[in-house]
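Residues per chain, in single letters:
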Amino acid sequence: MLISPIKFINPEYKHIACYNKIRYSNISLAENCTVFKGKAGINQYSVKYLRAKEYLKLFKASHKDWNKVEIYNFDLNKLDGIQEGLKVFNGLNMKEIAFIGQTIIEIALKRGCYNNCSHCYGGGSLPIIEDNNHINKMSWNDFNALTEGFRLLNKRLGFPITRNSKNVSPYMTSFHDADGIDIYLVDNNGKEHDFIEISEKLNEAFKLKNIFDTAGWGMQDSRAAARAVKYALYYSKPENARKLLQFNLSVNPYHMLNTRAVHLDKQGEHERAQKIRNIYTSRMANVLFTFTPLIESGKLNFLARAASDDSLGTKGFREKDLRKLYDEIFNKLKLKYMEDYIGEQIFIKDKTQIRDLIAQAKLKLSYVNTLLGVTERLGKIYKPGETLVTTAETIRQEDRNKIKQAKCIKDVLLGNDGYIKFTGFLDSNGHYYLTDFFTTFPTEIVLNFENKNKITAPIAPYLQKDLIIKKRLINSI
Ligand code: SF4
């Protein structure tokens, strides 16, 4: 759903010398041994864990501003072991876990999307069919292992491993190439866990606010519609809205239906084009009607993306095209509100509400983002040679060089401008990737998921299969 590069501010990867001087080797382990308790612990004495715990204790005692401590402030060799017993981290050391904690921004609970937007940086296509070797979603067991693992690790550390004073990642999403409305998981007993529950668990584990993004749902999809009604009511309440960073509706010319209409128009098939365009605008008017409580509470934001009006080769996808699309959608929304006023009065009890609601929604639309990174898929509808396309190709080449030449992982994470260059995403099978939204690199990091050996859909954008970020590099910090 995220479609353009985001700049995050440079974190400082400083080890603080005084902590490294702590002499914890003199501590008598015999005196300090404790048995791990609780379901996530291991029921035995672990010298490695106890050493790490003592190091952490001394670090804390000698650090005046504990509330500002970040994971890269530690000597992670000495802290290694604090994760012992947390099964999801089996096989990973603290440098590798810290690397996830400091970069993670997306967790792909579902893989695949029914919207097929032509600008989708994640390349969202229909979910692959699941079988013994393939999955298109994270298992509920793996989701629980993940959230419990991070929650308990943070508890042991005494601060969130994601903490970064420079706001590396101010938010997190539970999707990479899926629509928020499809984010729900089913446990082994057949119970459905929806976005509200998932988001709260993620928040508790990672201490990062979630974003809900949707491009809407088909008018026949009653289950998605029921979830949407629930979310609209829930997140229109300030106490619940506070738990999210944003609730976004993506309305843009790149949706599969409108993309198809633009192409048909170009081929001279105007009637068919109009028919498909109508399906899209009616669908979005229906989505907006469902989200009325969010419009009313001011909690609904729009993801409005389009090519700039002066960009070449982008006819049908420019800002002015998007504005026309919005006009049609709002006209249909107005009619729906009128119908509601005359009929059931679900939302409209008084005619003046209609004007206010439309004005409220339009207010959020004053900004259209035209800073599009050209993604794998968008590159196919824009002509090669267009400035947008060539710029993206240059960035990808620079990315590859950066990875090839990196001596330390911080050289990878930071761009030349001092901003965070790459962020991470976790696939449904526990495999971890770095991306800057122009290109993606696999890493050797894999969480200990029950589905870690299962295959998922191909990763976009532009997965550089030949340039794997090795554990050696991640451990170089
Ligand atoms: S709605 Fe689906 S296809 Fe469209 S941008 Fe979002 S994830 Fe990609």
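Quick notes on the rules
- The numbering scheme is per chain: residues are counted from 1 as the chain's sequence reads.
- Residue-level local features of this predicted model are given only where pLDDT is at least 70; pairs of side-chain atoms are given and counted only at 80 or more, and the full residue set underlies all totals for whole chains, interfaces and linings.
- Counting from the N terminus, the helices are the DSSP runs of H or I reaching at least four residues and the strands are the DSSP runs of E reaching at least two.
- Exposure criterion: with C-beta atoms placed from backbone coordinates, a residue whose C-beta has 20 or more other C-beta atoms within 10 Å is buried, one with 12 or fewer is exposed, and one in between is partly exposed.
- What counts as a contact is two residues whose backbone-derived C-beta atoms lie within 7 Å of each other.
- What makes a residue near a molecule or strand is its C-beta atom, placed from the backbone, lying within 6 Å of it.
- Gly falls in the polar group here, along with every residue not listed as nonpolar (Ala, Val, Leu, Ile, Met, Phe, Trp, Tyr, Cys, Pro) or charged (Asp, Glu, Lys, Arg).
- When DSSP finds at least two bridges between two strands, those strands are taken to pair.
- Axis definition: a line fitted to C-alpha atoms, over the contacting stretch in the case of helices. Angles run 0 to 180 degrees between N-to-C directions.
- Two helices that cross are described as forming a left-handed crossing if the nearer one is turned anticlockwise from the farther one by less than a right angle, and a right-handed crossing if clockwise.
- Structurally, a nonpolar core is described as a collection of buried Ala, Val, Leu, Ile, Met, Phe, Trp, Tyr and Cys residues joined by way of C-beta atoms within 7 Å.
- Roughly parallel means an angle under 35 degrees; roughly antiparallel means over 145; roughly perpendicular covers 65 to 115; every other angle is labelled oblique.

Caption draft 1: Main features of the overall build of the protein chain. Helix and strand counts for the protein chain come out as 18 helices and 10 strands. Looking at the 477 residues of the protein chain, the share that counts as buried comes to 44%. Residue pairs at least 24 apart in sequence account for 73% of intrachain contacts in the protein chain once pairs closer than 6 positions are excluded.

Caption draft 2: Quick peek at the site of the ligand. With respect to spatial proximity, 12 residues lie near the ligand, and among them Cys-113, Cys-117, Cys-120, Gly-124 and Ala-215 are the closest. Split into classes, the residues belonging to the shell around the ligand amount to 6 nonpolar, 4 polar and 2 charged.

Caption draft 3: Representation of the sheet that holds strand β8 (residues 423-426) within the structure. Strand order in the open sheet formed by 4 strands is β1-β8-β9-β10, with mixed pairing between adjacent strands. Edge positions in the sheet fall to β1 (104-107) and β10 (440-446), since each has one partner strand and no second. Taking the axes of each pair of neighbouring strands and ignoring which way they run, one obtains an average angle of 30° across the sheet. One ladder, built from 4 bridges, connects β8 with strand β9 (residues 431-435); its direction is antiparallel. Among the inter-strand pairings, Gly-424 is bridged to a residue of β9, identified as Leu-434.

Caption draft 4: View of the packing of helix α6 (residues 140-157) against helix α7 (residues 195-206). The geometry of α6 relative to α7 is characterised by a closest axis approach of 7 Å and an angle of 30° between their N-to-C directions. Pair α6 / α7 crosses with left-handed handedness. Every residue of α7 that contacts α6 at Thr-147, Phe-150 and Arg-151 is listed here: Lys-201, Leu-202, Glu-204, Ala-205 and Phe-206. Grouping the amino acids of the contact of α6 with α7 by side-chain chemistry returns 4 nonpolar, 1 polar and 3 charged.

Caption draft 5: The nonpolar core, seen in detail. Membership of the largest hydrophobic core comes to 114 residues, with the highest contact counts inside it found for Leu-79, Ala-98, Leu-109, Leu-288, Phe-291 and Ile-329. Among all residues touching Ile-329, those that are not within four sequence positions of it are Val-251, Thr-281, Met-284, Ala-285 and Leu-288.

Caption draft 6: Main features of the pairing of strand β7 (residues 300-303). Residues of β7 alternate between two faces, with Leu-300 and Phe-302 buried on one and Asn-301 and Leu-303 left unburied on the opposite face. Direction of pairing for strand β6 (residues 244-250) relative to β7: parallel, over a ladder of 4 bridges. The partner of Leu-249 across the bridge, within β7, is Phe-302.

Caption draft 7: Summary view of the packing of helix α11 (residues 270-290) against helix α13 (residues 319-342). In contact at an axis separation of 8 Å, α11 and α13 are set at 55° when each is read in the N-to-C sense. Taken as axis vectors, α11 and α13 run oblique relative to one another. Every pair of crossing elements has a handedness; the one defined by α11 and α13 is right-handed. In this structure, α11 contributes Thr-281, Ser-282, Met-284, Ala-285, Leu-288 and Phe-289 to the contact, and α13 contributes Leu-325, Glu-328, Ile-329, Lys-332, Leu-333 and Lys-336. Residue classes in the contact of α11 with α13 are distributed as 7 nonpolar, 2 polar and 3 charged.

Caption draft 8: Structural context of the sheet that holds β7. The strand order across the open sheet built from 4 strands is β2-β5-β6-β7, with neighbouring strands paired in parallel fashion. Of all strands in the sheet, those with a lone pairing partner are β2 (171-172) and β7, marking the two edges. Pairing of strand β5 (residues 209-214) with β6, which is carried by 5 bridges, proceeds in the parallel orientation. Within β6, the residue paired with Asp-213 across the bridge is Asn-248.

Caption draft 9: Main features of the environment of Ile-474. Tracing the sequence through the fold places Ile-474 in helix α18 (residues 471-474). Separated by 31 residues in sequence, Ile-474 and Thr-443 place their C-alpha atoms 9.0 Å apart. Contacts of Ile-474, omitting those with residues within four sequence positions, involve Lys-95, Glu-96, Phe-99, Ile-409, Ile-445 and Ile-469.

Caption draft 10: The arrangement of unusual backbone geometry in detail. Of the consecutive residues Ala-460 and Pro-461, the connecting peptide bond is found in the cis state with omega at 0°. Inspection of the secondary structure puts Pro-461 in the loop between β10 and α18. Despite not being glycine, Lys-207 has its phi angle at roughly 55°, a positive value. Judged by local crowding, Lys-207 falls into the partly exposed class, with 16 C-beta atoms found within 10 Å.

Caption draft 11: Main features of the environment of Ile-129. Relative to the helices and strands, Ile-129 resides in the loop between β1 and α6. Classification of Ile-129 by C-beta neighbours within 10 Å gives exposed; the count is 7. Taking C-alpha positions, Ile-129 is 9.6 Å from Thr-456, a pair spaced 327 residues apart along the chain.

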